[in-house]
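Structural characterization, general
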Amino acid sequence: MCDSAIDGEPAGRGLYMWSRGDELRFEEPALCGGCAVAIGMTALSAWNAEEEEG
């Protein structure tokens with residue numbers, strides 16, 4: 001996400017999915033610690049909001 005250089009093992013991996021015509025494409029970029037936490041917290045927040053709405 002942030003294009004920072006990652007020293008050693010990445011903190012996580014993202015998942016981009018998109019389609020071009022009938023073809024479905026996937027990309028799994030490495031994430032630095034800050035991006036991995038930010039994406040995880042955003043997903044958790046969205047999930048909690050869905051649970052509260054019913």
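Above this text sits the structure in question.
So, here is what we can say about the structure in this document.

Moving on to the pairing of strand β3 (residues 23-27). With 5 bridges joining them, strand β2 (residues 16-20) and β3 adopt antiparallel strand pairing. What sits directly across from R20, in β3, is E23. Between the end of β2 and the start of β3, which pair antiparallel, lie 2 residues, with G21 showing a positive phi angle near 65°.

A separate point is the environment of A36. As for its position among the elements, A36 is in helix α1 (residues 33-53). Apart from residues lying up to four places away in sequence, A36 is in contact with A11, G12 and L31.

Here we take up the environment of E9. Mapped onto the fold, E9 is located in the segment before β1 (12-13). E9 gets classed as exposed once you look at its relative accessible area, which sits at 72%. In this structure the C-alpha to C-alpha distance between E9 and E27, which are 18 residues apart in sequence, comes to 18 Å.

The grouping of E50, E51, E52 and E53 at the surface amounts to a negative patch. Examined against the element boundaries, E53 turns out to sit in helix α1. Looking at E53, the relative accessible area reads 69%, which means it is exposed.

A word on the environment of I39. Mapped onto the elements, I39 comes out in helix α1. Along the backbone, I39 and Y16 are 23 residues apart, and their C-alpha atoms lie at a distance of 13 Å.

Applying the stated criterion to the full structure yields 0 disulfides. Free of any disulfide, C2 has its nearest cysteine sulfur in C35, 3.6 Å distant. Here C32 stays unpaired: no disulfide links it, and the sulfur of C35, its closest cysteine neighbor, is 3.6 Å away.

With a phi angle near 65°, D3 is a residue other than glycine that sits in the positive phi range. Looking at the secondary structure, you find D3 in the segment before β1.

About the cut-offs
Along each chain, residues carry numbers from 1 onward, in the same order as the chain's sequence is written. Totals for whole chains, interfaces and linings use all residues, but because this is a predicted model, local features are given only for residues with pLDDT of at least 70 and pairs of side-chain atoms are given and counted only at 80 or more. Computation of side-chain values: all heavy atoms of the structure, hydrogens and water removed. When DSSP finds two or more bridges between a pair of strands, those strands are recorded as paired. Where helices and strands are cited, they refer to DSSP runs of H or I of at least four residues and of E of at least two residues respectively, numbered from the N terminus. Note on contacts: a residue pair qualifies if any of its non-hydrogen atoms lie within 4.5 Å across the two residues. Partly exposed describes any residue whose relative accessible area lies between the buried limit of under 20% and the exposed limit of over 50%, with all areas from a 1.4 Å probe on protein chains only and scaled to the type maximum. The residues that make up patches have over 30% relative accessible area and no salt bridge, and they are joined within 9 Å when like-charged or within 5 Å when they are Val, Leu, Ile, Met, Phe, Trp or Tyr. Accessible areas in this description were obtained via Shrake-Rupley with a 1.4 Å probe; residue shielding takes into account the shown protein chains only. For this analysis, a salt bridge means a side-chain nitrogen from Lys or Arg found within 4 Å of a carboxyl oxygen belonging to Asp or Glu. When charges are counted, neither His nor the chain ends are considered; positive counts come from Lys and Arg and negative counts from Asp and Glu. Charged groups are reduced to one reference atom each: NZ for lysine, CZ for arginine, CG for aspartic acid, CD for glutamic acid. Disulfides are defined as cysteine sulfur pairs within 2.5 Å.

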